[in-house]
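Next come the chains, spelled out residue by residue.
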Amino acid sequence: MDKVKVGLLGSTGLVGQVFVKLLDKHPWFSLEVLSASPGNAGRKYGDAVHWIMDTPLSRETSEKKLVPAEPEYFKDVDIVFSALPSSVAGEVEARFARSGLVVVSNARPFRLDPDVPLLIPEINWDHIRLAERQSGTRGYEGRIIKNPNCSTAILSLSLKPLLDIFGLKRVTVTTLQALSGAGYRGGVPSLDILDNVLPYIKGEEEKLESEPLKILGRMSGSRVEPAGFKVNATATRVPTLHGHLESVTVETAEKPTGEEELVEAWKDYRWPGEIKRLPTAPSDPVIVRAEDDRPQPRLDRDSGKGMSVVVGRVKIKEPGVARYLVLGHNLVRGAAGNAVLIGELYAKYYGLL
Ligand SMILES: NC(=O)c1ccc[n+]([C@@H]2O[C@H](COP(=O)([O-])OP(=O)(O)OC[C@H]3O[C@@H](n4cnc5c(N)ncnc54)[C@H](OP(=O)(O)O)[C@@H]3O)[C@@H](O)[C@H]2O)c1
C-alpha cells in the first residue's frame, strides 16, 4: 500500500513533537515535510528541536530540513497537520486551504464556524462533511478541519454516552490542567506554578462552555444543530506534567437508578465500529475505574496509549444529579492523537488510501 503523504506545521513545539512521535512509524502516513517558526527554517529538525519525548527521535526525521510555513513547500502532501500557536494559525491555515491543501489543526481559530468540522471521530465523524461547504463559503480549494480544545475533548468523550442514554440538562465542570497544556516556549514559569494552583486560564472556560455543544450536536442537512444543554466551566492550572483531570457534575433528563447504571452506560456504549478500526483509535474510548483513588494523572494518562479517557469517583448526588471525575492525556487525546485520528478518518472517508 502506498502511504498517504503528510506534512506538519509547528513541528518543534510540544504538540508538534507528539505528532512526530505518532507519525514516525504510522502504518498509513508518511511524514514528508516539517516546518517551525521563520527563525528555524533551513535548520535540521534535530538541531532546532528541544526533544522532550520519552522515545528517541528517528535519524531520518532528525536529518530533515525545516521549511517555512508556506503552502508551496507542502504542495506534494495530501494532509497537513497543524500545531501552530493560535496567534498565527488563522492566517497561515487559511492560506494553505486557499491553495488547495487539507489542514487538520489544533489551534483555536475557526473552531466554531458553521462550515468547519470540530471532530472527535468516535462522537461526530459524520460532521466531516461540513468542510465540503468551504469551497462555496470561503472559495477554498482545500479544507480546514479542527481538533477541539484539550479539556473539551476529554469532557466530551465522557459526556457522549450520558447524553445519548439519559439526556443532559446541565454540566458543571472544574478542570485541573497540566503544565504541558500551556506549551513549552512561553509556558507557565516555574516560580508561578511550583507550590501553587493558578485559578485562571485565559479563554479556557469559554471554549469548554461552547465547543462540546457543537461536537455533541447533530447534523441536520448541511449544518450542525448544537446540543441543547448548558455548560458552566472553571479552569485551573496545577503542577502536573501531562493529563488534565476534570470534576464533572451532570444534571440528566432521565434519572439513573444508581451508580451502576451510569457505569454501565459508559462500559456498554457502542462506539462506531468503523472508527474503532482506524489505526490510532483506542479499543475503549472511555475506561471506568472502580477504585476510590482513581483516575490519577501519573497512573492513568497513558491509558489506551493516551487515547482513552478514564472515568472514576462516580456518585449520584441526588436524583438526576451525578458527579464523576474524568482524566485524559492533553497532548494525545487532547491534541496530536485526536488530530491523527481525524487524518485517518479523512483518508478513509475520501479514499486516499
Ligand atoms: N499543549 C496542549 O496540550 C494543547 C492541546 C490542544 C491544543 N493545543 C494547541 O496546539 C497548538 C500548539 O501548541 P503547543 O503547546 O505545541 O505550542 P508550542 O510548544 O509553543 O509550539 C509552537 C510551534 O509553532 C511554531 N511557530 C511559532 N511561531 C510560528 C510562526 N510565526 N510561523 C510558523 N511556526 C511558528 C514553533 O516553532 P519554533 O520552535 O521555531 O518556535 C513551534 O513549532 C496551539 O494552537 C495550542 O493552543 C495545545
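Residues numbered from 1 in each chain as written. Predicted model: local features only at pLDDT ≥ 70, side-chain atom pairs only at ≥ 80, totals over all residues.

(A) Expanded view of the pairing of strand 3 (residues 79–82). Side chains Ile-79 and Phe-81 project from strand 3 onto one buried face, and the interleaved Val-80 and Ser-82 project onto a second face that is buried too. As defined by bridge partners, strand 1 (residues 4–9) adjoins strand 3 across 4 bridges and the pair is classed as parallel. Considered in strand 3, the bridge of Val-6 is made with Ile-79. For strand 3 and strand 4 (residues 102–105), the ladder comprises 3 bridges, and the chain directions are parallel. Paired with Ser-82 across the bridge in strand 4 is Ser-105. For the crossover from strand 3 across helix 4 (residues 86–98) to strand 4, the handedness is right-handed. (Buried ≥ 20, exposed ≤ 12 C-beta atoms within 10 Å, placed from the backbone. Helix = DSSP H or I, 4+ residues; strand = E, 2+ residues; numbered from the N terminus. Pairing = 2+ DSSP bridges. Right-handed = clockwise from strand over helix to strand, strands pointing away.)

(B) Summary view of the nonpolar core. Residues Phe-19, Val-80, Phe-81, Val-326 and Ala-336 are the most contacted members of the largest nonpolar core, which totals 99 residues. Counting residues per element, this core draws most heavily on helix 13 (residues 332–349), which supplies 10 residues. Inspection of this core shows a minimum of three residues originating in each of domain 1 (4–149 + 336–349) and domain 2 (150–329). (Core = buried A, V, L, I, M, F, W, Y, C linked by C-beta atoms within 7 Å. Domains from an automatic or database assignment.)

(C) View of the site of the ligand. Inspection of the region around the ligand gives 31 residues, with Gly-10, Gly-13, Ala-36, Ser-37 and Gly-183 positioned closest. For the shell around the ligand, the elements supplying multiple residues, two or more each, are helix 1 (14–24), helix 4 and helix 13. Residue composition of the shell around the ligand, grouped by class: 14 nonpolar, 16 polar and 1 charged. For the shell around the ligand, the domains that each give at least three residues are domain 1 (4–149 + 336–349) and domain 2 (150–329). (Near = placed C-beta within 6 Å. Nonpolar A, V, L, I, M, F, W, Y, C, P; charged D, E, K, R; others polar.)

(D) Representation of the sheet that holds strand 11 (residues 286–288) within the structure. Strand order in this open sheet of 6 strands is 9-6-10-13-12-11, and the pairing throughout is mixed. With one partner strand each, in any of the chains shown, strand 9 (230–237) and strand 11 form the two edges of the open sheet. Averaged over all pairs of adjacent strands, the angle between strand axes in this sheet comes to 25 degrees, irrespective of strand direction. Contacts from helix 9 (residues 204–215) reach strand 6 (168–177) and strand 9, with the element oriented near 145 degrees to strand 9. (Axes fitted to C-alpha atoms, helices over the stretch in contact; angles between N-to-C directions. Contact = placed C-beta atoms within 7 Å.)

(E) Molecular detail of the domain arrangement of the protein. In terms of domains, the protein is made up of domain 1 (4–149 + 336–349) and domain 2 (150–329). Look at where the C-alpha atoms of domain 1 and domain 2 centre, and you get two points 24 Å apart. When the residues that make up the side of domain 1 that touches domain 2 are grouped by side-chain class, the tally is 16 nonpolar, 6 polar and 6 charged.

(F) Spatial organisation of the sheet that holds strand 5 (residues 143–146). An order of 2-1-3-4-5 is seen for the 5 strands of this open sheet, with the pairing classed as parallel. Each of the sheet's edge strands pairs with one partner strand only, and the pair in question is strand 2 (29–34) and strand 5. Across the sheet, the mean angle from the axis of one strand to that of its neighbour is 25 degrees, orientation sign disregarded. Both strand 1 and strand 2 contribute to a ladder of 5 bridges, which runs parallel. Considered in strand 2, the bridge of Val-6 is made with Leu-31. Its contacts with the sheet place helix 13 against strand 1, strand 2, strand 3, strand 4 and strand 5, and it is angled at close to 150 degrees to strand 4.

(G) How the structure looks around unusual backbone geometry. Cis geometry marks the peptide bond from Arg-294 to Pro-295, where omega comes out at 5 degrees. At Phe-110, a residue that is not glycine, the phi angle is positive and equals roughly 75 degrees.

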